[in-house]
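Report on the structure
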Amino acid sequence: MNWNVELEIAHKLAQMRGWLEQERAGAVRLRGVDWFAWATAGASCSPSQWAECGCAEVLVTRDAAYILTDAAEAQRLRHEEVRGSWTWQVTPWMQPRLAELREHFVQHAAGGRPVLCDRPGLHERSLPAALREERLPLLAPEQARYREVGRLAAAAASEALRAARPDWSEQDLAGACARALWSRGLHAVYVLAAGAERFERYRRAPPAASPLGERAVLALCAQAYGLCASLSRQRRFRPARDGMGEADATILALEAVALDACAVGHALSMVYHALDSAYAYAGQPDTVQEFRQGGIAGYRSPEVAAGAHTEIALKEGMALAFHPSLPGSMVEDTFVLSGGRLDNLTCDPDWPAATVQGRLRPLTLELP
């Protein structure tokens, strides 16, 4: 199918109207920035990547599709963000009864039937889990946008690490990475940078004023079109004595066990248990209980965290990002299940790599 934005939005509107029939509801209301981006094919309704809800909402009934916002934001959203044939319900921003008027409009549009909402308020019903899971397999145009986000995020990480120096602080490296992300049009959801000393003690900590020293570890999550791409890379400022490096070989072998378990039809918990077994084999038992390991990715990071009892089945089109770590080493990329295999969205072809279990995986960059 040759997708365009209008076709993608129409497909999702039909999907939501199917939910109305299934749940005998009158409207679907999407408040969250993640759901807004999903419904509008990548539009943003908030300047802040930490906000749960933004300046606009989506409201879908059986015969109409609305963008709910106020006059202070409507012009920018129309010109720069939202595409497609939406009906705009714009309220003066200074209206003292803005919230009350919007609620009245929503209830009227629903025709007295229940309102399904991702973040339900009074008199609203939560979107059932089965409906929330329907957004996890990504459509072809979503995957195409995700590849762009992943490619740019990987290039930003590479730029920052190649420029780094041993006397830089962790904050210097995080700042360089944030600048590289913003210069490529990406929002920095988080940027974690660690030097040799602190990474031995903390696997995923905010950057501090400590110097990088002999080694730097950079982990980031970048967002555009509402989609979150995560990755981590490492740089050593003096060559390892053993070629690939024992730490690289160990962490990549451990990661391969988890990635091998990422197959259509497998439960997400299978990946968790595969990681648990791999950690035990590497002499690091109980690590999955001490650190988060990632999970299904997409419009949130993660959409669903991997755990011992997350029985959601992996499907074609789902994105996955895991970040296994060992003392002194970590690895992460964002993949999508496509054609029965894992397609790496955050691969930088110019970064040193090795083939592990048929996949090209990043090595530690060694530059003096």
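The text that follows walks through the structure, step by step, so that each part is easy to find. (Residues numbered from 1 in each chain as written. Predicted model: local features only at pLDDT ≥ 70, side-chain atom pairs only at ≥ 80, totals over all residues. Heavy atoms only, no water.)

1. Remarks on the sheet that holds strand E12 (residues 319-322)
The sheet built from five strands is open, its strands ordered E11-E10-E12-E15-E16 with antiparallel pairing. Both outer strands of the open sheet, strand E11 (304-305) and strand E16 (341-344), are each paired with one neighbouring strand and no more. Pairing analysis gives four bridges linking strand E15 (residues 333-338) to E16, with the strands arranged antiparallel. In the sheet register, Val-336 faces E16, and the bridge partner there is Asp-343. (Pairing = 2+ DSSP bridges. Helix = DSSP H or I, 4+ residues; strand = E, 2+ residues; numbered from the N terminus.)

2. Considerations on the nonpolar core
Core analysis: the biggest nonpolar cluster contains 68 residues, and Met-16, Leu-30, Trp-86, Leu-173, Leu-181, Leu-218 and Leu-220 have the highest contact counts within it. In terms of residues, this core owes the most to one element, helix H6 (residues 140-163), which gives eight residues. Look past the residues within four positions of Met-16 in its chain and what remains in contact with it is Val-28, Leu-30, Trp-38, Ala-39 and Val-60. By size, the runner-up hydrophobic cluster in this structure holds 32 residues, among which are Leu-136, Tyr-272, Val-288 and Val-356. (Core = buried A, V, L, I, M, F, W, Y, C linked by side-chain atoms within 4.5 Å. Buried < 20%, exposed > 50% of the residue type's maximum accessible area, 1.4 Å probe, protein only. Contact = heavy atoms within 4.5 Å.)

3. Quick notes on the sheet that holds strand E3 (residues 65-70)
One key point about sheets: their strands pair by backbone hydrogen bonds, in either a parallel or an antiparallel sense. Strand order in the open sheet formed by six strands is E4-E3-E2-E1-E5-E6, and the pairing between neighbours is mixed. The open sheet is flanked by strand E4 (87-91) and strand E6 (124-126), the only strands paired with a single partner. Here the average twist between neighbouring strands, direction ignored, is 25 degrees. Note: E3 against E4, five bridges, orientation parallel. The partner of Ile-67 across the bridge, within E4, is Trp-88. On the sheet, helix H1 (residues 5-23) packs against strand E1 (27-32), strand E2 (53-60), E3, strand E5 (115-117) and E6 and is oriented at approximately 120 degrees with respect to E1. (Axes fitted to C-alpha atoms, helices over the stretch in contact; angles between N-to-C directions.)

4. Details of the packing of helix H9 (residues 246-260) against helix H10 (residues 268-281)
At a closest axis distance of 8 Å, the pairing of H9 and H10 adopts a crossing angle of 155 degrees. As summarised for this structure, H9 and H10 are arranged roughly antiparallel, according to the angle between their axes. Handedness of the H9/H10 crossing: right-handed. On the side of H9, the interface is formed by Leu-254, Val-257 and Ala-258, while H10 contributes Val-271, Ala-274, Leu-275, Ala-278 and Tyr-279. Considering only residue class, the contact of H9 with H10 consists of eight nonpolar, no polar and no charged. (Parallel < 35°, antiparallel > 145°, perpendicular 65-115°, else oblique. Left-handed = near helix turned anticlockwise from the far one by under 90°. Nonpolar A, V, L, I, M, F, W, Y, C, P; charged D, E, K, R; others polar.)

5. A short note on the pairing of strand E9 (residues 227-236)
In terms of burial, E9 is largely enclosed, as 10 of its 10 residues are buried. Judged by which residues are buried, E9 turns out to be covered on both faces: Leu-227, Ala-229, Leu-231, Arg-233 and Arg-235 on one side and Cys-228, Ser-230, Ser-232, Gln-234 and Arg-236 on the other are all buried. Looking at chain direction, strand E8 (residues 215-224) and E9 are connected through 10 bridges and run antiparallel. Each residue of the ladder has a partner; that of Ala-224, found in E9, is Leu-227.

6. Remarks on the environment of Ala-10
Mapped onto the secondary structure, Ala-10 falls in helix H1. Separated by 75 residues in sequence, Ala-10 and Ser-85 place their C-alpha atoms 9.2 Å apart.

7. Thoughts on the pairing of E1
Of all six residues in E1, six are buried, a share of seventy percent or more. With three bridges joining them, E1 and E5 adopt parallel strand pairing. Note that in E5 the partner of Arg-29 across the bridge is Cys-117. With four bridges joining them, E1 and E2 adopt antiparallel strand pairing. Counted as the bridge partner of Leu-30 is Val-58 from E2.

8. Remarks on the layout of surface pockets
By volume, the second largest pocket is sized at about 450 Å³. Contributing elements (two or more residues each) for the lining of the second largest pocket: strand E7 (187-195) and strand E10 (294-297). Its residues assigned to classes, the lining of the second largest pocket comprises 10 nonpolar, six polar and four charged. (1 Å grid on protein atoms, 1.4 Å probe; cavity = no way out; pocket = protein on both sides within 12 Å on 5 of 7 lines; lining within 4 Å. Points joined across faces, edges and corners; volume = space filled by probe spheres on them.)

Scope: geometric values only; no functional claims are made or implied.
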